[in-house]
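This is what each chain is made of:
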Amino acid sequence: LDRSLLERAEQELKRQYLSRGNYSVEIKSTVTPLERNRVAVTLNVDEGEVAKIKQINIVGALAFTEKELLKMISLSTPGWLTWYTKNDQYSRQKLSADVETLRSYYLDHGYLEFNVDSTQVSITPDKHDIYISISITEGQKYTVSNIKLAGDLLLPEDELRKLVKINPGDEFSRRKLTETTKAINDRLANEGYAFANVNAVPEPDKTNQTVSFTFFVDPGRRV
């Protein structure tokens, strides 16, 4: 019998319950001596009630209403469907995914400098209610001023420009940038350059709230 290992087992079980929102869980071990120098170990678990999300606040939202943003994320306060979805139960993984959802939404709508400043999770003393606060800085909305292609293009520039999904005058969108780099990579792969590397490098102009992009093409070796 190793008492330290038994303690670690208790703590790990407790950690697993906490990650699922069972903040009032209690785990106690009992060691009962048996004959022939043996013991029986019993782990007594009182799961308690699952804590529910009482309130979610997004601090710093100006371009979009808090109500709009809350509709995009999976975590929510109790509703008529949450008994099934369990989205009113806090999970660190769900919160991380929701923060990334917010980031993607802003970056796809022109907010190049968007940043999540902090996420705070607090629980009431009775361990029944959870409050979540997400603090963000939106930054300025950027418009694309220019698109350039550079590097070893291999193919005619006019042909590659047809693959560019974002144009001058459009609002900045990370999704369109990703689609462009993928389209150029796929086109080069058809020519045998399976490990081509395409990077979009931004040049922001904070005064005019515009950004230009240069797509640097490195085809690598032909395969």
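In this text, all values refer to a predicted model and were calculated from it rather than measured experimentally. (Residues numbered from 1 in each chain as written. Predicted model: local features only at pLDDT ≥ 70, side-chain atom pairs only at ≥ 80, totals over all residues. Heavy atoms only, no water.)

This brings us to unusual backbone geometry. A positive phi is found at R36, a non-glycine position, where the angle reads about 60 degrees. Along the polypeptide, R36 turns up in the loop between β1 (26–34) and β2 (38–46). Although it is not a glycine, L154 adopts a positive phi angle of roughly 70 degrees. Turning to its location among the elements, L154 is positioned in the loop between β6 (143–151) and α5 (157–161). Looking at L154, the relative accessible area reads 42%, which means it is partly exposed. (Helix = DSSP H or I, 4+ residues; strand = E, 2+ residues; numbered from the N terminus. Buried < 20%, exposed > 50% of the residue type's maximum accessible area, 1.4 Å probe, protein only.)

On to the pattern of salt bridges, then. Side chains that differ in charge, positive against negative, can pair when their charged atoms come close. Counted by the stated rule, this structure contains 12 salt bridges. Salt-bridge contacts for E171 lead to K141; the nearest nitrogen and oxygen are separated by 3.0 Å. Highlighted residues: E171 in the loop between α5 and α6 (174–190) and K141 in the loop between β5 (129–137) and β6, separated in sequence by 30 residues. We classify E171 as partly exposed; its relative accessible area is 31%. The network of salt bridges with common partners includes E100, R103 and R174. (Salt bridge = Lys/Arg side-chain N within 4 Å of Asp/Glu carboxyl O.)

Within the fold, D108 resides in the loop between α4 (92–107) and β4 (115–123). This buried residue, D108, is left without a salt bridge; R175 holds the nearest opposite charge, at 4.4 Å. Within the structure, the side chain of D108 is placed 3.5 Å from the backbone nitrogen of R174, a separation counted as a polar contact. A distance of 2.9 Å separates a polar atom in the side chain of D108 from the backbone nitrogen of R175. Residues contacting D108, with those up to four places away along its chain left out, are E171, F172, S173, R174 and R175. (Lys, Arg positive; Asp, Glu negative; His and termini not counted. Polar contact = N/O pair within 3.5 Å; in protein donor to acceptor, adjacent residues only side chain to side chain. Contact = heavy atoms within 4.5 Å.)

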